[in-house]
Amino acid sequence: MIAIDENVSLKPYNTFGLEVTARYFTEIKETGQLISLLQDPAWTSVKKLFLGSGSNILLLNDFDGLVIKISIKGITQTEETGGYVILRAGAGEIWHEFVLYCIERNLGGVENMSLIPGTVGAAPMQNIGAYGAEIKDTFHCLEALNLETLQTEVFDRERCAFGYRESFFKHEGKNRYVILNVSFRLSKQPVINASYGAIRQILAEMGVDSPTIRDVSNAVIRIRRSKLPDPAEIGNSGSFFKNPEIPKEEYLKIREEYPAMPGYEVSEDRVKVPAGWLIEQAGWKGKRFGEVGVHDQQALVLVNFGKGSGAEISDLATRIQASVAEKFGITISPEVNFIF
Ligand code: EPU
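Residues numbered from 1 in each chain as written. Predicted model: local features only at pLDDT ≥ 70, side-chain atom pairs only at ≥ 80, totals over all residues. Heavy atoms only, no water.

**Concerning unusual backbone geometry**
Where the residue is not glycine, phi is negative for most of them; where a peptide bond is considered, it is trans in most cases. The line we're drawing: For helices the rule is a DSSP run of H or I covering at least 4 residues; for strands it is a run of E covering at least 2, with both sets numbered from the N terminus onward. Here's how the labels work: a residue is buried when its accessible area is under 20% of the maximum for its type, exposed when over 50%, partly exposed in between, all with a 1.4 Å probe on protein chains only.
For L150, which is not glycine, the phi dihedral falls at a positive 60 degrees. Secondary-structure assignment places L150 in the loop between β10 (139-146) and β11 (152-156). Under the relative-accessibility criterion, L150 is labelled buried at 16%.

See below:
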């Protein structure tokens, strides 16, 4: 029997620290438990929410259904080929602990993504990325439970349809699968990726000429700690919005009025613009409205100072979107998943 608790506060289970209640709550440690639960007729028609560590969700209401926290653990080496090893990690492993596990074994590929909050199972959903790396670069495959057939299916990189903060699981696969484990292809001869300016700068400050993956990880940790609020201290969900991609033509036109506007070419005719810059220019950085606000070091991050609600965060996000649209004619969309 799986223990199901009633009327559980979700505050410890969402990094925004929102005080909402789940009608039912349970934690799953093995795939078998999950299948038994889903086969149990008592729960078939009950609304369900699958949670990792709740670092990319905005809970707008009490959840009148069953919250299932996925805590499937374990890291195993499944293959070793030439210069690579394949590690399979349970969906409930904490992402940063997995990164440290790789660094301790000098296995390269995920070090630039040090300290990203969340679990391994949530990472492919939005193809997490930071400081010049994305999960799709080291992704090998994953196993997910099909909620209709209760069969396990294997997804290779192509089937995951990764894009910038996007995957199959945010679109066609939404609410249809639960990720059980993810396998990564890690390099035994790590290639250092210090393409991101701030990493190079910190390594230089640290006096490191030939960095190891641990040095890169330490540099990333320093950058993140200086710019991004720690959810243990102040509720947040990392970047709230995605960086918009706009046609190059439109970018050049807006730049005539705002020559300082940064932009990175993502293809011949499209440019990605940092939403943090747009939000800061629209005057929102560091602004506080009661219990919620915009972080003072990184305008892309919305924060809950303590007693804020999902609705207040959502209202603030809507106002920011409208003001950026009015000032620049650019639409910014949330990266965070809204749970109604
Ligand atoms: N910027 C501003 N003002 C701000 C924030 C940023 O002008 O308040 C400008 C910066 O000066 C810089 C540019 O925007 O020129 C980019 O800023 P930054 O390097 O901080 O990265 P970002 O584009 O704002 C993205 C990711 C982060 C990731 C960093 C580093 C998205 C939505 N966010 O932020 O990911 O850590 O790059 O690679 O792509 C997350 O997804 O939760 C997250 C934190």
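Still to come is the rest of the account.
**A word on the site of the ligand**
Basically, it comes down to this: Note on terminology: near, applied to a residue and a molecule or strand, indicates that one of the residue's heavy atoms is within 4 Å of it. N or O atoms within 3.5 Å of each other form a polar contact, as long as, within protein, one can give a hydrogen and the other can take it, and as long as residues adjacent in sequence are counted only when both atoms are side-chain atoms. Reported accessibility uses the Shrake-Rupley method at a 1.4 Å probe radius. Residues are deemed covered only where the shown protein chains occlude them.
Inspection of the region around the ligand gives 22 residues, with Y131, Y164, Y196, N243 and E280 positioned closest. For the ligand, an oxygen atom lies 2.8 Å from a polar atom in the side chain of N243. Protein contacts shield 81% of the accessible area of the ligand, which totals 810 Å² for the unbound molecule. Elements represented by at least two residues in the shell around the ligand include exactly α6 (213-227), β13 (235-239) and α8 (275-281).

**Points about the sheet that holds strand β14 (residues 245-247)**
Rules: A pair of strands is considered paired only if DSSP assigns at least 2 bridges between the two. All axes here are fitted lines through C-alpha atoms, helices being fitted over the stretch that makes contact, and every angle between N-to-C directions spans 0 to 180 degrees.
With antiparallel pairing, three strands are arranged side by side in an open sheet as β14-β16-β15. Each edge of the sheet is formed by a strand with only one pairing partner; in this case those strands are β14 and β15 (264-267). Pairwise comparison of adjacent strand axes, ignoring direction, gives a mean angle of 40 degrees for this sheet. Bridge count between β14 and strand β16 (residues 270-272): three bridges; the pairing is antiparallel. When the sheet's bridge partners are listed, E245 is paired in β16 with K272.

**Some thoughts on the sheet that holds strand β1 (residues 5-9)**
For sheets, the rule is that strands pair by backbone hydrogen bonds, running either parallel or antiparallel. Strands sit in the order β1-β2-β5-β3 across an open sheet of four strands; the sheet is mixed. Strand pairing shows two members of the sheet lacking a second neighbour, β1 and β3 (48-51), which therefore form its edges. Strand-to-strand twist across the sheet, computed as the mean angle between neighbouring axes with direction ignored, equals 40 degrees. Looking at chain direction, β3 and strand β5 (residues 63-70) are connected through four bridges and run parallel.

**Regarding helix α5 (residues 197-205)**
Quick reminder of the rule: Picture the helix axis, draw a direction to every C-beta atom, and the arc is the one those directions span.
Here α5 has its buried residues at I199, I202 and L203. The arc that holds the buried residues of α5, viewed along the axis, is 100 degrees, so those residues lie on one side. Facing away from the buried surface of α5 by more than 90 degrees, the exposed residues are Q201, A204 and E205.

**Section: the domain arrangement of the protein**
Put simply, the rule reads: These domain boundaries are the output of an automatic or database domain assignment. Only heavy atoms matter for contacts: two residues are in contact if any of them lie within 4.5 Å across the pair. Buried area, as used here, totals the accessible surface that two parts lose on assembly, with accessibility defined by a 1.4 Å probe and the loss added over both. Salt bridge criterion: a side-chain nitrogen from Lys or Arg within 4 Å of a carboxyl oxygen from Asp or Glu. Under the scheme applied, nonpolar residues are Ala, Val, Leu, Ile, Met, Phe, Trp, Tyr, Cys and Pro; charged residues are Asp, Glu, Lys and Arg; polar residues are all the others, including Gly.
As far as domains go, the protein holds domain 1 (5-70), domain 2 (75-187) and domain 3 (235-339). Averaged C-alpha coordinates put domain 1 and domain 2 at centres separated by 22 Å. Facing eleven residues of domain 1, the contacting portion of domain 2 comprises twelve residues. Here domain 1 and domain 2 share an interface that buries about 930 Å² over both sides, 76% of which is from carbon and sulfur atoms. Our count for the contact surface shared by domain 1 and domain 2 stands at zero salt bridges. Inspection of the domain 1/domain 2 interface yields one residue pair in polar contact (both at pLDDT 80 or more). Here the side of domain 1 that touches domain 2 takes five residues from helix α1 (residues 31-39), the largest share from any one element. Its residues placed into classes, the side of domain 1 that touches domain 2 shows five nonpolar, six polar and no charged.

**Let's talk about the side chain of S71**
Within the secondary structure layout, S71 lies in the loop between β5 and β6 (75-81). We classify S71 as buried; its relative accessible area is 7%. Reaching out from S71, the side chain makes a polar contact with the side chain of E27 at a distance of 2.7 Å.

**Regarding the packing of aromatic side chains**
Note the cut-off: Stacked, tilted and edge-to-face are the three classes assigned to paired rings of Phe, Tyr and Trp, where Trp is represented by its six-membered ring and a pair needs centres within 6.5 Å; plane angles under 30 degrees give stacked, over 60 edge-to-face, the rest tilted. The rule for a charge over a ring is simple: NZ of Lys or CZ of Arg within 6 Å of the ring centre, and within 35 degrees of the ring normal.
Tallied over the entire structure, the rule returns 20 aromatic pairs. The interplanar angle of 50 degrees and the centroid separation of 5.8 Å between the aromatic rings of W95 and F98 together place this pair among those described as tilted. With W95 and F98 both in helix α3 (residues 95-104), this residue pair falls three residues apart, about one helical turn. Given a relative accessible area of 0%, W95 falls into the buried group. One Lys or Arg, R288, reaches over the ring of F305 and ends 3.9 Å from the middle of that ring.

**Overview of the packing of α3 against α6**
Which entries qualify depends on this criterion: When an angle is under 35 degrees it counts as roughly parallel; over 145 it counts as roughly antiparallel; between 65 and 115 it counts as roughly perpendicular; any other value is oblique. Handedness of a crossing follows from how the near helix is turned relative to the far one, being left-handed for an anticlockwise turn of less than a right angle and right-handed for a clockwise one.
Contact pair α3 / α6: the axes reach a minimum separation of 9 Å and the direction vectors enclose 150 degrees. By the angle between their axes, α3 is roughly antiparallel relative to α6. In the packing of α3 onto α6, the handedness of the crossing is left-handed. Every residue of α6 that contacts α3 at H96, C102, I103 and E104 is listed here: I213, R214, S217 and I221. Classifying every residue of the contact of α3 with α6 gives four nonpolar, two polar and two charged.

**Some details on the nonpolar core**
For the record, the criterion: Think of a nonpolar core as a cluster: buried Ala, Val, Leu, Ile, Met, Phe, Trp, Tyr and Cys residues, connected wherever their side-chain atoms sit within 4.5 Å.
Within the largest apolar cluster, 44 residues are counted, with the highest numbers of intra-cluster contacts made by F240, L278, I279, L302 and I320. Elements with a minimum of two residues in this core: β2 (21-28), β3, β4 (57-59), β5, α7 (248-257), α8, β18 (292-294) and α9 (310-328). If you tally residues by element for this core, the top one is α9, at six residues. Two domains each put at least three residues into this core: domain 1 (5-70) and domain 3 (235-339). A89, V99, F168 and Y177 belong to the second-largest nonpolar core, a separate cluster that totals 42 residues.

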